[in-house]
Amino acid sequence: MQLNAIQVQEALPWDALIAALNEIFTRDVCSPVRHHHSINVPKDPEATLLLMPAWLEGEYIGVKQVNVFPGNNARNIPGLSSHYMLSCGKTGQPLAQLDGNELTARRTAAASALASNFLSRGDASELLMVGAGRMGRRLIPAHMSVRQIKTVRVWDRNEEAAKVLVAELQAEDINAEACAPDKLEEAARQADIISCATMATAPLILGDWLKPGAHLDLVGSFTPAMRETDNAAMQRGAVFVDVRAGALSETGDLIIPIREGAITEDSLVAEFSELCSGKHAGRSALKDARSAVTIFKSVGDSREDLAAAILAYQRLNRV
């Protein structure tokens, strides 16, 4: 069975995917550290091969392969491609190959929605999406699947990109509006939930802008040099992550404030395994829960890929 991007999207509705992610973080999953290999490409820049395996013993084995070929830019073809192979955990026989780009984007957005379910206020109604790219188009409906969002505001450095996304949302009868590039602070101060999916290397959202009870969802920073918010936000908010080990080693949103002494590793309140198992109750367990500021930083995890692939396979085969 081979699933293209559209088929992956159709096989992973938000409610089922969010539930699958919640369950996988309560299971005993084997998820080794991802493999990272450099590959020489004659007459081209060096390429990178990433392999991310995970398995449930006796049930399913999965591995995501990501190929990063910078030289493709000169050929006007995508520099990144990926696919996910799901196999039987009893026989090793291949079960399905899924488009890895859509699988990753969708499970990433679902992870943010799962975190929001634990961390944003139940009456959150105003969402600010910072970044109008591929992830923004998935994060908005994912967040809307867990909260009754009445207004969506979209900000992007490229104002035209924000307007295009807003037009798409309005075509789906969503109350949406674009923010001018110089109106980010104004929009942030109004928002109940702020979701960021950018390539920023300097803070976009400042801690002083977050209103009492706000929830900040940080998706974009995936290297130690990238960040989307400042030290003040990390000091002010209760910080949660998907996976502690990955978050502490991969994202500048944590590495930089820890290095500068603004917070420590112990500042992280909980990770998904604690939230999903009920070990930590999320916002409701915080002091002054209604006015507390919460922050969720995701870096991604192979367990999320495995859960999404299993769900897609089972739904299509009615397992």
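Provided above is the structure to which this section pertains.
Residues numbered from 1 in each chain as written. Predicted model: local features only at pLDDT ≥ 70, side-chain atom pairs only at ≥ 80, totals over all residues. Heavy atoms only, no water.

Chemist: Just give me the short version of the side chain of Glu228, but keep the residues and values in it.
Modeler: Examined against the element boundaries, Glu228 turns out to sit in the loop between strand S11 (215-218) and helix H7 (231-236). It turns out Glu228 is buried and unbridged, and the closest side chain with the opposite charge, Lys297, is 4.8 Å from it. In terms of polar contacts, Glu228 uses its side chain to reach the side chain of Thr198, at 2.8 Å. Not counting chain neighbours up to four residues away, the residues in contact with Glu228 comprise Cys196, Ala197, Thr198, Ala200, Pro203, Leu204, Ile205, Leu218, Val219, Gly220, Ser221 and Asp253. (Helix = DSSP H or I, 4+ residues; strand = E, 2+ residues; numbered from the N terminus. Buried < 20%, exposed > 50% of the residue type's maximum accessible area, 1.4 Å probe, protein only. Lys, Arg positive; Asp, Glu negative; His and termini not counted. Salt bridge = Lys/Arg side-chain N within 4 Å of Asp/Glu carboxyl O. Polar contact = N/O pair within 3.5 Å; in protein donor to acceptor, adjacent residues only side chain to side chain. Contact = heavy atoms within 4.5 Å.)

Chemist: Could you give an account of the packing of aromatic side chains, with specific residues and numbers?
Modeler: What the rule picks out here adds up to three aromatic pairs. Judged by centre distance (6.2 Å) and plane angle (70°), the rings of Tyr60 and Tyr313 are edge-to-face. With Tyr60 in strand S4 (residues 60-68) and Tyr313 in helix H11 (residues 302-317), the pair connects residues that are 253 residues apart, well separated along the chain. For Tyr60, a relative accessible area of 10% corresponds to the buried category. For Tyr313, a relative accessible area of 15% translates into the label buried. Cluster of aromatic residues (ring-pair linked, three or more members): Phe25, Phe272 and Phe296. (Phe/Tyr/Trp six-rings, centres within 6.5 Å; stacked < 30°, edge-to-face > 60°.)

Chemist: Hey, could you go over the side chain of Glu102 for me, with residue numbers and the actual values?
Modeler: As for its placement among the helices and strands, Glu102 is situated in helix H3 (residues 100-119). Residue classification places Glu102 among the buried positions, given a relative accessible area of 3%. For Glu102, the contacting residues outside a window of four places in its chain are Ala5, Val8, Gln9, Arg134 and Arg138.

Chemist: Just give me the short version of the sheet that holds S11, but keep the residues and values in it.
Modeler: Spatial strand order, S9-S8-S7-S10-S11-S14-S12-S13: eight strands in an open sheet with parallel pairing. Here the strands that pair on one side only, and so sit at the sheet edges, are strand S9 (176-178) and strand S13 (268-271). Adjacent strand axes in the sheet meet at a mean angle of 20° when their direction is disregarded. Sheet contacts for H3: strand S10 (193-196), S11, strand S12 (238-241) and strand S14 (294-297); angle to S14, the most-contacted strand, approximately 155°. (Pairing = 2+ DSSP bridges. Axes fitted to C-alpha atoms, helices over the stretch in contact; angles between N-to-C directions.)

Chemist: Would you mind going over the sheet that holds strand S3 (residues 47-56) in detail, with residue names and values included?
Modeler: Here six strands make up an open sheet; going across it, the order is S1-S6-S5-S4-S3-S2 and the pairing mixed. Because the sheet does not close on itself, it has two edges, and the strands there are strand S1 (2-3) and strand S2 (35-39). Looking at chain direction, S3 and S4 are connected through nine bridges and run antiparallel. Each residue of the ladder has a partner; that of Leu56, found in S4, is Tyr60.

Chemist: Just give me the short version of the state of the cysteines, but keep the residues and values in it.
Modeler: Tallied over the entire structure, the rule returns zero disulfides. Free cysteine Cys276: the closest other cysteine sulfur is in Cys30, separated by 18 Å. (Disulfide = S-S within 2.5 Å.)

Chemist: Which residues make up the environment of Val33, and what are the values?
Modeler: Tracing the backbone through its elements, the reader meets Val33 in the loop between helix H2 (14-24) and S2. Sequence-wise, Val33 and Leu51 are 18 residues apart; in three dimensions their C-alpha atoms are separated by 9.2 Å.

Chemist: Talk me through the pattern of salt bridges; I want residue IDs and the actual numbers.
Modeler: Across all of its chains, the model carries 16 salt bridges by this definition. Note that Asp44 and Arg75 form a salt bridge whose closest N and O atoms lie 2.5 Å from each other. Note that Asp44 is positioned in the loop between S2 and S3 and Arg75 in the loop between S4 and strand S5 (80-88), a separation of 31 residues in sequence. Judged by its relative accessible area of 24%, Asp44 is partly exposed. According to the relative accessible area criterion, Arg75 is partly exposed, its value standing at 43%. Here Glu126 ties to Arg153 by a salt bridge, and the two come within 2.5 Å at their closest N and O atoms. Here Glu126 is found in strand S7 (residues 126-130), whereas its partner Arg153 is found in strand S8 (residues 151-155), with 27 residues between them in sequence.

Chemist: Can you tell me about the nonpolar core, naming the residues and giving the values?
Modeler: Note that soluble globular proteins tend to have their nonpolar side chains buried in a common cluster. Counting residues in each nonpolar core, the largest one holds 70 residues, and the members touching the most others are Leu86, Leu98, Val152, Val154, Phe272 and Leu306. The element best represented in this core is H3, accounting for 10 residues. With residues up to four places along the chain from it excluded, the contact list for Phe272 reads Phe25, Ala111, Leu114, Ala115, Val241, Asp242, Ser277, Phe296 and Glu304. Counting 28 residues, the second largest nonpolar core, distinct from the first, contains Ala187, Ile194, Trp209 and Leu254. (Core = buried A, V, L, I, M, F, W, Y, C linked by side-chain atoms within 4.5 Å.)

Chemist: Pulling in residues and values, what's your account of unusual backbone geometry?
Modeler: Phi angles above zero are rare outside glycine, and Lys43 is one such case at about 65°. As for its placement among the helices and strands, Lys43 is situated in the loop between S2 and S3. Since its relative accessible area comes to 87%, Lys43 is described here as exposed. Phi at Asp288 takes a positive value of approximately 50°, unusual for a residue other than glycine. For Asp288, the position within the fold is in the loop between helix H10 (272-277) and S14. Judged by relative accessible area, which is 53%, Asp288 ranks as exposed.

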